[in-house]
Amino acid sequence: MNLNERIDELYAQTKAGNLPREHRFLAIEALTDEYVAATGKRPEREQLDRLATLCLYEEVTDDTPWKTRNTERPIHSERQRRTIEDNEAGSKALDYR
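Rules of the game
Here the residue numbering is sequential within each chain, running from 1 through the sequence in written order. This being a predicted model, a pLDDT of at least 70 is required before a residue's local features are given, and a value of 80 or more before pairs of side-chain atoms are given or counted; all residues contribute to the totals for chains, interfaces and linings. Heavy atoms from the whole structure form the basis of all side-chain values; hydrogens and water molecules are not counted. Any residue with an atom within 4 Å of a point lines the site, the site being either a cavity, points on a 1 Å grid over the protein atoms alone where a 1.4 Å probe fits but cannot get out, or a pocket, an open set with protein on both sides within 12 Å along at least 5 of 7 lines. Grid points are joined across faces, edges and corners, and a volume is the space filled by probe spheres set on the points. Helix and strand assignments follow DSSP, with helices taken as H or I runs no shorter than four residues and strands as E runs no shorter than two, numbered in order from the N terminus. Think of it as three bins: nonpolar holds Ala, Val, Leu, Ile, Met, Phe, Trp, Tyr, Cys and Pro, charged holds Asp, Glu, Lys and Arg, and polar takes everything else, Gly as well. In this analysis, the expected span of each helix is defined as 1.5 Å times one less than the number of residues it contains. Accessible area is worked out with a 1.4 Å probe on protein chains only. A residue is then buried under 20% of its type maximum, exposed over 50%, and partly exposed in between. Taking the helix axis as origin, the arc is that swept by the directions to the C-beta atoms. By nonpolar core we mean a set of buried residues, namely Ala, Val, Leu, Ile, Met, Phe, Trp, Tyr and Cys, connected to one another through side-chain atoms within 4.5 Å. Working convention: axes come from line fits to C-alpha atoms, limited for helices to the stretch in contact. Angles between N-to-C directions cover 0 to 180 degrees. In these notes the angle categories are as follows: under 35 degrees is roughly parallel, over 145 is roughly antiparallel, 65 to 115 is roughly perpendicular, and the rest is oblique. The contact definition used throughout considers only heavy atoms, calling two residues in contact when any of these lie within 4.5 Å.

Some details on the layout of surface pockets
Now for step 1: As a volume, the largest pocket reaches approximately 180 Å³.
Now for step 2: What lines the largest pocket is simply Asp63, Thr64, Pro65, Trp66, Lys67, Thr68, His76, Arg79, Gln80, Thr83, Ile84 and Asn87.
Now for step 3: Taken together, the elements giving at least two residues each to the lining of the largest pocket come down to α5 (67–70) and α6 (78–87).
Now for step 4: Looking at the lining of the largest pocket element by element, the count peaks at 5 residues for α6.
Now for step 5: In the lining of the largest pocket, the residues fall into 3 nonpolar, 6 polar and 3 charged.

Shown next as structure tokens:
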């Protein structure tokens, strides 16, 4: 099984609720250490990005509309960020007709 398939498996376990945060962090660290030991190099940037997103799974998948108001430092997906920017006052050019 290659690294991408192993990351996919971690995602599947996380989505199914079988890999709580503490165990997920340990699994990610073990997987990364195993990969470095086997290949002698770090995972590719895209793979590290997926692992980082997996670390923040609960924050990234929180789609409640009040996340920005109820969380001190909310993390938004690209879609959430676009929606916020589209609805923020001052984010659009004013039409003075």
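Once the structure has been displayed, the description carries forward.
Description of helix α2 (residues 21–39)
Now for step 1: Counted at 1.5 Å a residue, the expected span for α2 with its 19 residues is 27 Å, and the 27 Å between its end C-alpha atoms agrees.
Now for step 2: Arg24, Ile28, Leu31 and Tyr35 are the residues of α2 that are buried. Angularly, the buried residues of α2 cover 65° about the axis, an arc narrow enough to put them on a single face. Opposite its buried face, α2 presents the exposed residues Glu22, Leu26 and Ala37, each directed more than 90 degrees away.

Quick notes on the nonpolar core
Now for step 1: If you look at the biggest cluster of nonpolar residues, it comprises 10 residues: Leu3, Ile7, Leu10, Tyr11, Leu19, Ile28, Leu31, Tyr35, Leu51 and Leu54.
Now for step 2: Only α1 (3–15), α2 and α3 (45–55) provide two or more residues apiece to this core.
Now for step 3: Ranked by residue count, the leading element in this core is α1, at 4 residues.

Things to note about the packing of α1 against α2
Now for step 1: It is the contact of α1 with α2, at a shortest axis distance of 11 Å, that shows an interaxial angle of 175°. Classified by the interaxial angle, the pair formed by α1 and α2 is roughly antiparallel. Note on element contacts: α2 touches α1 through Arg24, Ala27, Ile28, Leu31, Glu34 and Tyr35, opposite Leu3, Arg6, Ile7, Leu10 and Thr14.
Now for step 2: Looking at side-chain class alone, the contact of α1 with α2 contains 7 nonpolar, 1 polar and 3 charged residues.

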